[in-house]
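Observations on chain architecture
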Amino acid sequence: MHNETGSNKDAEAIAARHVAPHPAAVATTTTAGGRLIDWVPIESQVPGGQVATPPPAPEYSGSRRTTAPFPGELGAVAFELQDPNAERGPEGTVPILRDLAVHARRVARRGADKKGIDRRGAGQNAGAADPNPFGYYHATSGQSGTFYGCQSFLAVYDPSVENGSDHSINQFGLQNYDNPQPQSLEAGWTVDQGLNGDANPHIFTYYTTNGYTKDGDNLGGYNETVQGWIQYDATAHPGAAINGISIIGGQQIGVSIKFQLWQGNWWFQVQGVWLGYYPASLFGTAALADHAGWAGFWGEVYSALADPTQTTTQMGSGEFAEAGWPNACFQNGIQVQTVTDGTMSDLNGSASQEDSTYYDIAQTMQSGAGWGSYFFAGGPGNGVAPAFTRLVTEKAEAHV
């Protein structure tokens, strides 16, 4: 009886951390990380019950573009529901990760939980210690054009994040500026305790229809916390905890992700699996309704400090880009889709960052080698210089 009572109390505590159940839920399970997943019939997500069909998927290989120009193999991450012991919902249902109450309050306080920045005209180093939007730092490779998708392989690390309101992200995004306000589709991995409930990396998606001014159903927001995202896969989902991280100087582990516009929907793929999609109709009659005008791939840090220049939140591994392989975080195999048939081409991006003394980027575009277009990016913010940087400095000083 004691164990049963304790179990009930634990269940009550977990439930209290989350918002109300999804109205269509037919079952609820708890992940190993203590998050609630509501399982809903897949057809309940769309009017009329007709879920879209994903695009044809090329054969996926977790080792694509891995060995050149650097030695060693890249590992591929897994997700918590892929554990054979993980509890799943009934046949015909899909997982909807229930939002945390603390995150819902954060969104209500901020209006929107993420802010963007117009990177199109940014220089190599804008020199802004206090970037606009306030508190956000980026290290970006971006290209303007007409795009119908993008993809890359992102190394996964577990950067130190200063507090529960900060985040550290490695991601890509598709944006359009046809309207007065930019619209955006974004995805990657994030360390964000307020969003995820822990300090570990999680896969994420995010969208905004209104220039990051307001999150809400069919307006914008993270993962499955708002309406707009349609879940397709029965195992992997936005917000899922990632199993496996890279080690500075050791094994590099990452995740392959992709956006593709297909038959009126922006589909999102992870490790060769179509997780789900955003209907292009969310974006109205212009902008991301039928294409993107800019594709970007970047690291991002948000600091909630009153003075963001004091942030010690790390980007990537915490190492600067110059630390390179296998020390700095990276993206490789970076490609964009410029034609509607799904054909991809290597990015030819321009690099930018607000302040290279905090976080920086070093890129190689269209290398012709196994990594194609790639970059390293990261840094410690205003924190202590990371281990690899200290080692290089100490060796240099020893030879003076």
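Quick note: structure is the one above.
Quantities reported herein were computed from a predicted structural model and do not represent experimental measurements.

Points about the packing of aromatic side chains
- On inspection of all chains with the given rule, the structure shows 29 aromatic pairs.
- When the ring of F204 is compared with that of Y222, the centres are 5.7 Å apart and the planes differ by 70°; the resulting orientation is edge-to-face. With F204 in strand 10 (residues 202-208) and Y222 in strand 11 (residues 220-222), the pair connects residues that are 18 residues apart, well separated along the chain. Here F204 matches Y222 in class, with each residue buried.
- With a centroid separation of 4.8 Å and an interplanar angle of 50°, the aromatic rings of Y207 and Y278 are classed as tilted. Residue Y207 is found in strand 10, and its partner Y278 is found in strand 16 (residues 273-279); the two are separated by 71 residues along the sequence.
- Grouped by ring-pair contacts, the aromatic residues F172, Y207, W229, F259, F268, Y278, F283 and F297 constitute a single cluster.

Structural notes on the sheet that holds strand 9 (residues 183-191)
- As summarised here, the arrangement of the 7 strands in space is 11-10-9-8-17-6-20, forming an open sheet in which the pairing is antiparallel. Each edge of the sheet is formed by a strand with only one pairing partner; in this case those strands are strand 11 and strand 20 (350-353). On average, adjacent strands in this sheet sit at an angle of 15° to one another, irrespective of strand direction.
- Sheet topology places strand 8 (residues 167-176) next to strand 17 (residues 292-302); 9 bridges connect them, and they run antiparallel. Each residue of the ladder has a partner; that of G173, found in strand 17, is G296.

Remarks on the pairing of strand 22 (residues 374-378)
- In terms of burial, strand 22 is a largely internal element, 5 of the 5 residues being buried.
- What you see with strand 22 is no split at all: Y374, F376 and G378 on one side and F375 and A377 on the other are buried throughout.
- When strand 18 (residues 330-337) meets strand 22, the two strands line up antiparallel, connected through 2 bridges. Note on strand 22: the bridge partner recorded for F330 is F376.
- The sheet contact formed by strand 21 (residues 360-364) and strand 22 spans 5 bridges and is antiparallel.

Let's talk about the nonpolar core
- F79, W189, V255, I257, W266, F297 and F376 are the most contacted members of the largest nonpolar core, which has 65 residues in total.
- A total of 5 residues in this core trace back to one element, the largest contributor, which is strand 14 (residues 252-262).
- Contacts of V255, omitting those with residues within four sequence positions, involve V77, F79, S152, F153, L154, V156, W189, I203, V270 and Q271.

Some remarks on the pairing of strand 6 (residues 136-147)
- Summarising the sheet, strand 6 and strand 17 pair through 10 bridges and their orientation is antiparallel. Its bridge partner lying in strand 17, F147 is registered against A292.
- Taken together, the 4 bridges between strand 6 and strand 20 define a ladder with antiparallel strand orientation. Residue pairing in the sheet places T140 in a bridge with S352 of strand 20.

Criteria and thresholds
- Residues numbered from 1 in each chain as written.
- Predicted model: local features only at pLDDT ≥ 70, side-chain atom pairs only at ≥ 80, totals over all residues.
- Heavy atoms only, no water.
- Phe/Tyr/Trp six-rings, centres within 6.5 Å; stacked < 30°, edge-to-face > 60°.
- Helix = DSSP H or I, 4+ residues; strand = E, 2+ residues; numbered from the N terminus.
- Buried < 20%, exposed > 50% of the residue type's maximum accessible area, 1.4 Å probe, protein only.
- Pairing = 2+ DSSP bridges.
- Axes fitted to C-alpha atoms, helices over the stretch in contact; angles between N-to-C directions.
- Core = buried A, V, L, I, M, F, W, Y, C linked by side-chain atoms within 4.5 Å.
- Contact = heavy atoms within 4.5 Å.

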